[in-house]
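Each chain, written out:
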Amino acid sequence: MNTADERKRLKELLLEKSYREGTFTLTSGKTSDFYIDGKQTTLDAEGGYLCGRLLFELIKNAPEKISSVGGMTLGADPLVTAVSIVSHLEGSPIPAFIVRKEAKGHGTGNYIEGKSNLEPGGYVALVEDVVTTSGTLVKVIERVENEGFKVGLVVTVVDREEGGAEVLAQSGYPLQSIFTRTELVG
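Since this is a predicted model, take the numbers as computed values, not measurements.

**Overview of the packing of helix H1 (residues 3-18) against helix H3 (residues 45-60)**
- Between H1 and H3, the least distance of the axes is 10 Å, while the angle of their chain directions is 135 degrees. When the axes of H1 and H3 are compared, the pair comes out oblique. Note that H1 runs across H3; the crossing there is left-handed. On H3, the residues touching Thr3, Glu6, Arg7, Arg9, Leu10 and Leu13 of H1 are Glu46, Gly47, Leu50, Cys51, Arg53 and Leu54.
- Of the residues assigned to the contact of H1 with H3, the class counts are five nonpolar, two polar and five charged.

In structure tokens, the structure reads:
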């Protein structure tokens, strides 16, 4: 399957499994007439694989050499795993990491799980299933940079086109997406 076919199939899965219309309150607190529950697709075997393949394509073409891929738990967990596994299968292994919402309350007290697999000071790619205002990604960027890593790429499965990309761009982190809302639903 080529990249165009993979995008087409992922779009079908997202519309079937993740896209809902109605009245929903988003993480940002905003109300929306549609909701994209990305985990319904990213936790599906085929959907997770396709997300991993397409995100890996964006990551391997990043301007900086990306040494690891991560994101905020829970939305990014299946994505970072899928990208890492696909990268291994493609012969360019990229370790994954997960950023906790709260620092670990025992042991190391880390925000970042998988940190010992990461290249110190390396460029990382941050992934998210759906971006609305980018509030979650802003927190992840801060935590990752406070640990000494550089953010080389920020990618998402779906950009809802509700200001998140603009917020990130103003801070110097352009957002790349597999789909924008317009591409997904028109």
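**Observations concerning the nonpolar core**
- Membership of the largest hydrophobic core comes to 31 residues, with the highest contact counts inside it found for Leu10, Leu55, Ile59, Val69, Val127 and Val157.
- Of all the secondary-structure elements, those providing two or more residues to this core are H1, strand E2 (31-36), H3, strand E3 (66-72), helix H4 (77-89), strand E6 (123-131), strand E7 (150-159) and strand E8 (175-180).
- Here Val157 is in contact with Leu10, Leu14, Cys51, Leu55, Leu79, Glu128, Asp129, Ile178 and Phe179, once residues within four sequence places are set aside.
- Judged by nonpolar contacts, the second largest core, of 19 residues, contains Leu118, Val131, Ile141 and Val154.

**Quick look at the pattern of salt bridges**
- In this structure the tally under the stated criterion is 13 salt bridges.
- With its nearest N and O atoms 2.8 Å apart, the salt bridge here joins Glu113 to Arg100. Taken together, the positions of Glu113 in strand E5 (residues 112-113) and Arg100 in the loop between strand E4 (96-99) and E5 put the pair 13 residues apart, joining distant regions of the chain.
- We classify Glu113 as partly exposed; its relative accessible area is 27%.
- When salt bridges that share partners are traced, they join Glu6, Arg53, Glu57, Lys60 and Glu90 into one network.

**Points about the side chain of Asp129**
- Locating Asp129 in the fold gives a position in strand E6.
- Excluding its chain neighbours within four sequence positions, the residues that come into contact with Asp129 are Gly38, Lys39, Thr42, Gly75, Leu79, Thr156, Val157 and Val158.

**Quick word on the packing of aromatic side chains**
- If you walk through the whole model with that rule in mind, you get two aromatic pairs.
- Centroid distance Phe24 to Tyr35: 5.4 Å. Interplanar angle 25 degrees. Geometry classified as stacked. Taken together, the positions of Phe24 in strand E1 (residues 19-25) and Tyr35 in strand E2 put the pair 11 residues apart, joining distant regions of the chain.
- Overall, the relative accessible area of 29% leaves Tyr35 in the partly exposed class.
- Lying across the ring of Tyr123, Lys150 places its NZ or CZ 4.8 Å from the centre.
- The ring of Phe34 carries the charged tip of Arg160 above its face, separated from the ring centre by 3.9 Å.

How each quantity is defined
Residues numbered from 1 in each chain as written. Predicted model: local features only at pLDDT ≥ 70, side-chain atom pairs only at ≥ 80, totals over all residues. Heavy atoms only, no water. Axes fitted to C-alpha atoms, helices over the stretch in contact; angles between N-to-C directions. Helix = DSSP H or I, 4+ residues; strand = E, 2+ residues; numbered from the N terminus. Parallel < 35°, antiparallel > 145°, perpendicular 65-115°, else oblique. Left-handed = near helix turned anticlockwise from the far one by under 90°. Contact = heavy atoms within 4.5 Å. Nonpolar A, V, L, I, M, F, W, Y, C, P; charged D, E, K, R; others polar. Core = buried A, V, L, I, M, F, W, Y, C linked by side-chain atoms within 4.5 Å. Buried < 20%, exposed > 50% of the residue type's maximum accessible area, 1.4 Å probe, protein only. Salt bridge = Lys/Arg side-chain N within 4 Å of Asp/Glu carboxyl O. Phe/Tyr/Trp six-rings, centres within 6.5 Å; stacked < 30°, edge-to-face > 60°. Lys NZ or Arg CZ within 6 Å of the ring centre and 35° of its normal.

Any functional reading would require information that these geometric values do not contain.
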